[in-house]
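# An overview of the molecular structure
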Amino acid sequence: MAMEALSHAITPPGISVPYKTSSPSHGLTSLILRQTRSPANPSPRISHTSLVRASAVQNTKTSIDLSDPDWKSKYERDFEQRFSIPHITDVLPDAEAIRSTFCLKMRSPTEDFVGGYPSDEEWHGYINNNDRVLLKVISYSSPTSAGAECIDPDCSWVEQWIHRAGPREKIYFKPEEVKAAIITCGGLCPGLNDAIRHIVITLEIYGVKNIVGIPFGYRGFSDKDLTEMPLSRKVVQNIHLSGGSLLGVSRGGPSVSEIVDSLEERGINMLFVLGGNGTHAGANAIHNECRKRKMKVAVVGVPKTIDNDILHMDKTFGFDTAVEEAQRAINSAYIEAHSAYHGIGVVKLMGRNSGFIAMQASLASGQVDICLIPEVPFNLHGPNGVLKHLKYLIETKGSAVICVAEGAGQNFLEKTNAKDASGNTILGDFGVYIQQETKKYFKESSIPIDVKYIDPTYMIRAVRANASDGILCTVLGQNAVHGAFAGYSGITVGIINTHYAYLPIPEVIAYPKSVDPNSRMWHRCLTSTGQPDFI
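Residues numbered from 1 in each chain as written. Predicted model: local features only at pLDDT ≥ 70, side-chain atom pairs only at ≥ 80, totals over all residues. Heavy atoms only, no water.

## As for the confidence of the model for the protein chain
For clarity, the threshold we go by: For every residue, the predictor states its confidence as a pLDDT score lying anywhere from 0 to 100. The criterion used for residue contact is that any of the two residues' heavy atoms lie within 4.5 Å.
For the protein chain, per-residue confidence averages 86 on the pLDDT scale, and residues scoring 70 or more make up 85% of the total. Confidence drops under pLDDT 50 across residues 1-62; counting only partners more than four residues distant or on other chains, this segment forms 164 contacts.

Right, dumping it as structure tokens:
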């Protein structure tokens, strides 16, 4: 199977969930689907996105019978099984556990890592394997509550626990026998170098000497012109001071079997994969192939998506920096619009399927009058359309700023069916389209306007991580290494309700996380912009 097809070929196990009134953000999808209105058809309809999600989650082994008095405990058991994290002892039961070589009471590293680092006393900085993090922390009293995610019509509280991340007291790899590899896939994102840096630093603290970077993503496993890059603390010491990726990025790559063949040939037994949903799908396929071959290899993902569209996680690295950097573009658009006679500033931000950047950048700036995201349908024309409201803003304020996510308004554009190397549909440029439609509308209304269009996408992707993302990347990188040494594979690490946790990859790649139009955050954005319902 070609790598570019992986993101569409892997469906995680799950269970059908019978009740929910809003867009799922934690993998719980309802049979009672949220109704939306489309621009082309103002009558209520079932959201296509909800249908896709429902079909993904309902491809299941178990369904809930709410008439069963024991349904809660059965749900919890099923959830625990779904979110159990694979371990190398699942296929190699004789794998030996040794005392961890990670101890922050160390005096100096020794060559004999099996005995651990010398310490004056026992260190109590390890995570117990039974430690758990609560996936959800809000108990909703009603399915009509804003942002409610309910399993049954009564919104019964059901505990959902996932594995806490961190160093374990026992490890399953001897550091002197480890060859660790790091790859960065997909597009650029602030924080890649930060994550690379701390994976390398943490590996060295464990005692690993053989660390390499695979250049240009999965492609580096098959392209004979690309050679491994030796990595050490000295090499990565200052890479976080620059944007981009020390290792380079690319989309697509060879087949899974070719990649695993390359891992065997190179003697790699730890693979750290930095990327988004498609990249994680590839990592999961590599993990499964290694298990099939009974190879002692730990494959660990680090979620990288500037769009913040990976399930369950509070945020992914690069997102905070993107929101902060977007302020420059929005402020420029505001100044241009405010300084011109009937000025209109249009800013297009990242967000293929999810409008998190546009929403939070608009909320943070306080300068946006209209925010358009993929999750919320809207009309451009008509009495309730965006252009009618834009005319109102020009007449009352004299200027306006519009912020659009790149995936918004695709129903207005001609579909090409073209895809990039990762299998993602190539989107039309809605920013350009709304700019042109705005000019046409005001020309027909005989109202002079001055429209400025700003697309800062590549400027945002290329900057270095801000302090918030720098810390996030540091902790994610450290915990990725802890997870690998603990013997886990086929996992990713993320921040869940402010705590760090390990999750099985299939549970985070079922579909992209999206903005819930009934969430408090979207309501806050609407309060800030003052925009009406455009349907």
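Alright, that's what it looks like, and here's the rest.
## With respect to helix 15 (residues 520-529)
Let me state the cut-off plainly: Each residue gets one of three labels from its accessible area relative to the maximum for its type: buried under 20%, exposed over 50%, partly exposed in between, using a 1.4 Å probe on protein chains only. Helix numbering and strand numbering both begin at the N terminus, where a helix is a DSSP run of H or I of at least 4 residues and a strand a DSSP run of E of at least 2. In this description, one arc is meant: the one made by directions from the helix axis to the C-beta atoms.
For helix 15, the complete set of buried residues consists of Trp-522, Cys-525 and Thr-529. Taken around the axis of helix 15, the buried residues stretch over an arc of 55°, which confines them to a single face. Turning to helix 15, the residues buried within the fold contact helix 9 (356-365) and strand 15 (370-372). Downstream of helix 15 by one or two residues, Gly-530 has phi in the positive range, about 75°.

## Observations concerning the sheet that holds strand 17 (residues 450-454)
Let me state the cut-off plainly: Two strands qualify as a pair provided that DSSP identifies no fewer than 2 bridges between them. Every axis in this analysis is a line fitted to C-alpha atoms, fitted for helices over the stretch in contact. Angles between the N-to-C directions lie between 0 and 180 degrees.
Across the sheet, four strands lie side by side as 15-16-14-17; this open sheet has parallel pairing. Unpaired on one side and paired on the other, strand 15 and strand 17 mark the two borders of the sheet. For this sheet the average axis-to-axis angle between neighbouring strands, irrespective of direction, equals 15°. The pairing of strand 14 (residues 343-349) with strand 16 (residues 399-405) spans seven bridges and is parallel. Paired with Ile-344 across the bridge in strand 16 is Ala-400. The strands touched by helix 10 (residues 386-396) within the sheet are strand 14, strand 15 and strand 16, with strand 16 carrying the most contacts at an inclination of about 150°.

## Describing the nonpolar core
Stated formally: We define the nonpolar core as a collection of buried residues of types Ala, Val, Leu, Ile, Met, Phe, Trp, Tyr and Cys that are connected through side-chain atoms lying within 4.5 Å of one another.
The biggest cluster of nonpolar side chains holds 78 residues, and the ones touching the most others in it are Ile-182, Leu-203, Met-270, Phe-272, Phe-317 and Phe-485. Core analysis: the next-biggest nonpolar cluster, separate from the first, contains 40 residues, Ile-183, Ile-214, Val-260 and Ile-505 among them.

## Description of helix 6 (residues 256-266)
Of the residues making up helix 6, those classed as buried are Val-256, Ile-259, Val-260, Ser-262 and Leu-263. All buried residues of helix 6 lie within an arc of 155° about the axis, which places them on one face of the element. Of the residues one or two after helix 6, Gly-267 is the one with positive phi, at around 75°.

## Points about the pattern of salt bridges
To keep it simple, the criterion reads: Each salt bridge in this description consists of a side-chain nitrogen of Lys or Arg and a carboxyl oxygen of Asp or Glu lying within 4 Å of one another.
Counted by the stated rule, this structure contains 18 salt bridges. Here Asp-320 makes a salt bridge to Lys-315, at a shortest N to O gap of 2.5 Å. Since its relative accessible area comes to 21%, Asp-320 is described here as partly exposed.

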